[in-house]
Every structure is written in C-alpha cells, then in structure tokens.
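Chain by chain, the residues:
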Amino acid sequence: MGKKKAIPNYGKVLMNGTEYYRTRIEDADGKRFALYGKTPEELYDKVEEAKRQIEDCTFRRSSPTVKEYCEKWLLMQSANIRTTTLVDYTSKVKNYIVKPLGHMFIADVLPDDIKLAIIPAAKKSESVYRSVNMLIKCIFDSAEDSHLIDENPTKRLSAKGGIPMKDKVALTDEQVERLLSAIKGLPPYVFVMIGLYAGLRREEILALQWDCVFLDSEAPYLSVQRAWHTEHNRPVILTDLKTKAARRDIPLPKCLYDCLRDAKATSTSEYVVANSEGGPLSYTQFKRVWQYIVTRSTKERTYVRYINGQKIKHTIKPVLGEVAPHNGTVIYSLDFQVTPHQLRHTYITNLIYANVDPKTVQYLAGHENSKITMDIYAKAKYNKPRELATVVNEAFGQ
C-alpha cells in the first residue's frame, strides 16, 4: 500500500450555504490567494497542483527564452570580435537559431528540437552549416556554464552537414586571356586585374585606395591596409582586417603596374575601384559591376520583363560567339564561370606553379594559417599523377 497523505487541518468557511475547507498560499509574485475544497483531500490535491504550477512559473521566469539568451550572448561576444564578424553571427543566429527556437525557454529545448532547427542550415553549404553548428553549440555551452540548463541538448549534434563545396579551380592561361579581352575597358577590368595579379580578396580590392598603391617606388607595390564590408547595402571601410596576416605589401607585376598607372591617370576618386560618385561600391553596385562578366558568359539564366503590366519570365541560353539579342555590344565569349574568389585562387596557384616557396605564397596570399596554403599547394603541385610517376619510381629505385 502507498504512503498515506499527511493532510493538514484546514480551516472551514461557509459560502452560499455550503461548507468548504479553505487555505491560503503565495503565488509566484508573493501574493496570497485562497483555495477551496469540499473535502480536505480535494483541497490538498488543489494545493499540490497549485504549488507545482507556481514552481514551474518561477522556474520559467528565471529561464530566458532562446531569443533573449541569444541576444545576451551576442552582446557578450561584441567586445571580443570584429564588427563584421558580429554582423555575420547576428544574421546566422537570427535565421537559423532564433527563427525556429526563439519562442522556447532555453531550459526546455531538447536534442530533437536542435536537430530539427538545424535542418535549414544543413541544406546550405558546408561552411554555412559549420558556422551555424559552432554558434548553436557555443550558445548552449554558455547557457550550461551559467547553470541555465541542466543538460546541453547540442552535445551530440553532428559536426558534419551541408552541401560539399566544389574544389576551387584556377583559371587557365587561355581563360584568363579570354576574360580580360572580354572586359577590357569595362568597369570590372581593374578589379579583375588586381585579383589575378595581386591575389587580393574582394573586400581588400574594394577598400583599396590610391594612398596604398606605390607606383613610383623602385619596386612598385600595393599595401593591404583596409577592408570593405557592407551594412544594409551601405559600404563600410575598416582598418580592422580579417587577420594580422592580411596586412601585407604585394609587389606589382608589370601588367598590373601598367593597368594601375593608366587607371590612376584618369581617376578622380581616392578609391582604386569606385562608384560614379567616387565613393566605395555598395553591395548592389558591386553586383552590377560583376554582371558585366556574367552577361558575356554562356551561363543559362532567367530574367524578368514587364509587358503590359504583366511580369513575364524569360530564360536565355547563350551560344558561344553569338551577339546578345538585346545588346549588340555584348558577345557571349566566356564558356566558363568566374567568381571573385577564383581570381585570387588563380593568383595563388600561379605562384605555386612558378615554384615560389610555400612560406612566400602564404605571406603574399595573406593566409594566417599555413595549413590553408599547404592544402592549395598540395592540390596544385602534386595532383599530377603522370609527372609524379617518375618521382615515385626514382624514389623506389625502379
């Protein structure tokens, strides 16, 4: 038999001709309220249920929602990370953590909730998934350290996920020649030249100012001292670079020296790559500049036109060598795709092909971690079975 309940001696009260047992307890705010029952047992059960509810309410008040704690966590990080990193964190936290979990109390989040929440990130690239995975683990680790949760629901979360990224492929010499020929005299030309022959990141090129381009030096060079970022599409130029290694001086090969000399002669801006008003490009302005390359490629694409007020979608399938039907100055001359980062990758790869030692490549590329350089080095230098066959045979005396 179960243990008999120790029921207190409750007071009685007469209400509308009926006798009730009554007691008073305090709610979560410290206010007293009365409970009634026709029998001591009924009143006892009501008191126990009320206590459970009050304890639950008190617990929830001490437990923030995921949204509240994420905001606090981001604020705590703001003192230790770059502004641009904070912007990136804030965006990912909002879209991949707060959106699915923000309404929940952080102490109520279960491992299954985490697994469901991270599905959208798993459908993105590996880099996006890794970043979201890291953020959600850091946030719940912090909550655990602050004793807001008893058990961390992210501890078994898999680090693997996302769509695998394709190996970066450098442009061939023939592709470089065709690309430069296609955009000669057009807005992206100087940007592309700096990417191909100085290896700067996009944010480094768009922040480059003429005071960091030394054309009159005995050995002409440019100095990476600033970085371009955007906030709500507006350009922000920072002197806080991605890493300490990003701050570097890069010698100019003659083709880039000539390009920059000609560009400076006609420039009215302090920026090497500028908008029509002489300022740094916004994000949408850069996309428009890059579109000069896209429109000259054979990439299939869809665009929208309005005819008689109706939105009509058109898909075009460019043919190499043909003239664009709506723009006689555009010839589809590129049967390969180009990305801004591919320009930089081509620069690094060409240094490796020229037998530049890995440490020098690391410096010129602005890689803080030598592993990044060596990964590229290994793929570019050693992924040639035919050339390596002789080396291996010689090593083993065959």
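Data block above holds the structure.
S.K.: Summarise the overall build of the chain; cite the residues concerned and give the values.
M.R.: Looking only at helices and strands, the chain has 15 helices and 10 strands in total. Counted over contacts in the chain with a minimum sequence separation of 6, partners at least 24 positions apart contribute 59%. Element-wise, carbon and sulfur atoms account for 52% of the exposed surface of the chain, whose accessible area totals about 24500 Å².

S.K.: Hey, could you go over the pattern of salt bridges for me, with residue numbers and the actual values?
M.R.: According to the stated counting rule, one finds 13 salt bridges in the structure shown. A salt bridge links arginine 178 to aspartate 335; the nearest nitrogen and oxygen atoms lie 2.8 Å apart. Residue arginine 178 is located in helix 7 (residues 173-183), and its partner aspartate 335 is located in the loop between strand 10 (310-316) and helix 12 (340-353); the two are separated by 157 residues in the primary sequence. Judged by its relative accessible area of 23%, arginine 178 is partly exposed. Residue class for aspartate 335 comes out partly exposed when judged on its relative accessible area of 41%. Notably, a salt bridge pairs arginine 261 with aspartate 262, separated by 3.5 Å at the nearest N-O pair. A residue is classified by how much of its surface remains accessible, and aspartate 262, at 46% relative accessible area, is partly exposed. It is possible to trace a salt-bridge network through shared partners that takes in Lys254, Asp258, Arg261 and Asp262.

S.K.: So what about the sheet that holds strand 1 (residues 11-15)? Which residues, and what values?
M.R.: With antiparallel pairing, three strands are arranged side by side in an open sheet as 1-2-3. Here the strands that pair on one side only, and so sit at the sheet edges, are strand 1 and strand 3 (32-37). Taken pair by pair, the neighbouring strands of this sheet meet at an average axis angle of 45°, ignoring direction. Pairing between strand 1 and strand 2 (residues 18-26): five bridges, direction antiparallel. In the sheet register, valine 13 faces strand 2, and the bridge partner there is tyrosine 20.

S.K.: Can you explain the pairing of strand 2? Please cite residues and give values.
M.R.: Taken together, strand 1 and the strand that follows it, strand 2, pair antiparallel across an intervening segment of two residues, in which asparagine 16 is found at a positive phi of about 55°. Looking at chain direction, strand 2 and strand 3 are connected through six bridges and run antiparallel. What sits directly across from arginine 22, in strand 3, is tyrosine 36.

S.K.: Go over the nonpolar core with me, naming the residues and quoting the values.
M.R.: Among the nonpolar cores identified, the biggest contains 54 residues, and Leu179, Val192, Ile194 and Leu260 are the most heavily contacted of them. Those elements giving two or more residues to this core turn out to be helix 7, helix 8 (189-198), strand 6 (227-231), helix 10 (254-266), helix 11 (283-294), helix 12 and helix 13 (358-365). When residues of this core are assigned to their parent elements, the largest contribution, eight residues, is made by helix 8. Not counting the four nearest positions on each side in its chain, valine 192 is found in contact with Leu179, Leu180, Ile183, Trp290, Ile293 and Leu343. Core analysis: the second largest hydrophobic core is formed by 27 residues, Leu74, Val98, Ala117 and Ile139 among them.

S.K.: Now, about the sheet that holds strand 8 (residues 249-251): what can you tell me, with residues and values included?
M.R.: Sheet strands associate in pairs through backbone hydrogen bonding, adopting either a parallel or an antiparallel arrangement. Spatially, three strands are ordered 4-5-8 in an open sheet, and the strand pairing comes out antiparallel. Two strands in the sheet have a free side with no partner beyond their single neighbour: strand 4 (213-214) and strand 8. Two strands pair when backbone bridges link them, and strand 4 and strand 5 (residues 221-223) are joined in this way by two bridges, in the antiparallel orientation. In the strand pairing of strand 5, phenylalanine 214 is matched with tyrosine 221.

S.K.: Go over the environment of tryptophan 210, please, and point to the residues and values.
M.R.: Structurally, tryptophan 210 is set in the loop between helix 9 (202-205) and strand 4. What makes tryptophan 210 buried here is its relative accessible area of 9%. Measuring from C-alpha to C-alpha, the distance between tryptophan 210 and valine 273 comes to 9.7 Å, with 63 residues separating the pair along the chain. Setting aside anything within four residues of it in sequence, one finds tryptophan 210 in contact with Leu260, Ala263, Lys264, Ser267, Ser269, Glu270, Tyr271 and Val272.

S.K.: Quick one: what's the story with the side chain of glutamine 209, residue by residue and with numbers?
M.R.: Note that glutamine 209 resides in the loop between helix 9 and strand 4. At 3.3 Å, the side chain of glutamine 209 and the side chain of tyrosine 271 are in polar contact. Dropping the residues within four chain positions of it, glutamine 209 is found in contact with Arg226, Ile237, Glu270, Tyr271 and Val272.

S.K.: Quick rundown of unusual backbone geometry? Include the residues and the values.
M.R.: At asparagine 16, a residue that is not glycine, the phi angle is positive and equals roughly 55°. Locating asparagine 16 in the fold gives a position in the loop between strand 1 and strand 2. Since its relative accessible area comes to 83%, asparagine 16 is described here as exposed. With a phi close to 65°, asparagine 355 is a non-glycine residue in the positive phi region.

S.K.: Hey, could you go over the pairing of strand 9 (residues 301-307) for me, with residue numbers and the actual values?
M.R.: Examined bridge by bridge, strand 9 and strand 10 share seven bridges and lie antiparallel to one another. Bridge pairing links valine 304 to lysine 313 in strand 10.

S.K.: Describe the packing of aromatic side chains, listing the residues and the values that go with them.
M.R.: The tally for this structure, following the rule as stated, stands at six aromatic pairs. An aromatic cluster is defined as three or more aromatic residues linked by ring pairs; in this entry it consists of Phe191, Trp228, Phe286 and Trp290.

S.K.: I'd like a rundown of the side chain of serine 142, residues and numbers included.
M.R.: With respect to the helices, strands and loops of the structure, serine 142 is situated in helix 6 (residues 126-145). Contacts of serine 142, omitting those with residues within four sequence positions, involve Tyr69, Trp73 and Met76.

The rules we used
Residues numbered from 1 in each chain as written. Predicted model: local features only at pLDDT ≥ 70, side-chain atom pairs only at ≥ 80, totals over all residues. Heavy atoms only, no water. Helix = DSSP H or I, 4+ residues; strand = E, 2+ residues; numbered from the N terminus. Contact = heavy atoms within 4.5 Å. Areas by Shrake-Rupley, 256 points an atom, 1.4 Å probe, with all protein chains shown as cover. Salt bridge = Lys/Arg side-chain N within 4 Å of Asp/Glu carboxyl O. Buried < 20%, exposed > 50% of the residue type's maximum accessible area, 1.4 Å probe, protein only. Pairing = 2+ DSSP bridges. Axes fitted to C-alpha atoms, helices over the stretch in contact; angles between N-to-C directions. Core = buried A, V, L, I, M, F, W, Y, C linked by side-chain atoms within 4.5 Å. Polar contact = N/O pair within 3.5 Å; in protein donor to acceptor, adjacent residues only side chain to side chain. Phe/Tyr/Trp six-rings, centres within 6.5 Å; stacked < 30°, edge-to-face > 60°.

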